[in-house]
Amino acid sequence: MKVIGIIPARYASTRFPGKPLCLIGDRTMIRRVYDQAMKCSILDKVCVATDDQRIFEHVAGFGKAIMTGDYHQSGTDRCLEAVNILSEELPLSESDVVINIQGDEPFIQPNQIETLAGLFNLPETEIGTLAKKMLPGDDLANENIVKVVFDNQSIALYFSRWALPFTRGKPFSSWLNEHPYYQHLGMYGYRLEVLKKIAVLSQSSLEKAESLEQLRWLQNGYKIRVGITSHYSIGIDTPGDLKNIPSDLL
């Protein structure tokens, strides 16, 4: 089983144009993500998939870059095009695995990628993702923190921007003390044959309601296996987020 790491990177971010090329300490954000991914011995190949010539040329100076179209609606779609291009030099089978590594999480830990890839040691795994247990003091009401509930076999039941499950009869302020809640981390792995199928699915009603792409896959009957990590990666969504990076990470 081959495992390929793809890092989608767009220049035209609405909230932070040029985000992949912003400097964080002595390196650009996309360079930091790439360097972290390269520490994973489990990955047979790592590449950045972009639609921007500036990002392409920058990445080509230190690693593997693939130019993709500018019409993709999601990182999932961009991953598929990148893998199709990459397969011309690295033959892939339908059971091989593609890891979609977020290009705006410069401090992602290699063991997170390895945990995600390890979910595919089970041949029945179609799609994989990660979650972290929320702790007292975490912002359970924050709609930008996506929550996930899963069954006893670690298969996702639902993802939501609202707090799930509803803890009946207890004040909201105590919910984190009453029941385990899990925050979803937006890194995905896909079996290649499954990636080809989900990339052509139309938006679903649940996806539109919550603005969560993974609900499209669940609503169409695909199973998402959830791996647990104890580490939370710091994402960069706006220029202001750069000011909140702990100095010990730079």
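Described below are features of the structure shown in this document. (Residues numbered from 1 in each chain as written. Predicted model: local features only at pLDDT ≥ 70, side-chain atom pairs only at ≥ 80, totals over all residues. Heavy atoms only, no water.)

**Let's talk about the packing of aromatic side chains**
Thought 1: Tallied over the entire structure, the rule returns nine aromatic pairs.
Thought 2: Taken together through their ring pairs, the aromatic side chains of Trp162, Phe166, Phe172, Trp175 and Tyr181 make up a single cluster.
Thought 3: Looking at Arg31, its charged tip hangs above the ring of Phe62, at a distance of 4.4 Å from the centre.
Thought 4: The side chain of Arg54 reaches across the aromatic face of Tyr11, ending 3.6 Å from its centre. (Phe/Tyr/Trp six-rings, centres within 6.5 Å; stacked < 30°, edge-to-face > 60°. Lys NZ or Arg CZ within 6 Å of the ring centre and 35° of its normal.)

**Examining the pairing of strand β1 (residues 3-9)**
Thought 1: Counting buried positions along β1 gives seven out of seven residues, so the element sits mostly inside the fold.
Thought 2: Burial of β1 is two-sided: the residues Val3, Gly5, Ile7 and Ala9 facing one way and the residues Ile4, Ile6 and Pro8 facing the other way are all buried.
Thought 3: As paired elements, β1 and strand β6 (residues 97-100) share four bridges and run parallel to each other. By the bridge assignment, Val3 is partnered in β6 with Val97.
Thought 4: With six bridges connecting them, β1 and strand β4 (residues 45-50) associate as parallel partners. Within β4, the residue paired with Ile6 across the bridge is Cys47. (Buried < 20%, exposed > 50% of the residue type's maximum accessible area, 1.4 Å probe, protein only. Helix = DSSP H or I, 4+ residues; strand = E, 2+ residues; numbered from the N terminus. Pairing = 2+ DSSP bridges.)

**Looking at unusual backbone geometry**
Thought 1: Residue Pro165 follows Leu164 across a cis peptide bond; omega there is 5°.
Thought 2: As for its placement among the helices and strands, Pro165 is situated in the loop between β9 (156-160) and α5 (175-178).
Thought 3: We note that Ser154 has phi near 65°; this positive angle belongs to a residue other than glycine.
Thought 4: By secondary structure assignment, the location of Ser154 is in the loop between β8 (147-150) and β9.
Thought 5: Residue classification places Ser154 among the partly exposed positions, given a relative accessible area of 26%.
Thought 6: Even without a glycine there, the phi angle at Ser211 is positive, about 55°.

**Observations concerning helix α4 (residues 110-118)**
Thought 1: All of the buried residues in α4 are Pro110, Gln112, Ile113, Leu116 and Ala117. For α4, the angular spread of the buried residues around the axis is 160°, confining them to a single face.
Thought 2: Those residues of α4 hidden inside the fold are in contact with β1, α1 (29-38), β6, β7 (127-133) and β10 (182-191). (Arc of directions from axis to C-beta. Contact = heavy atoms within 4.5 Å.)

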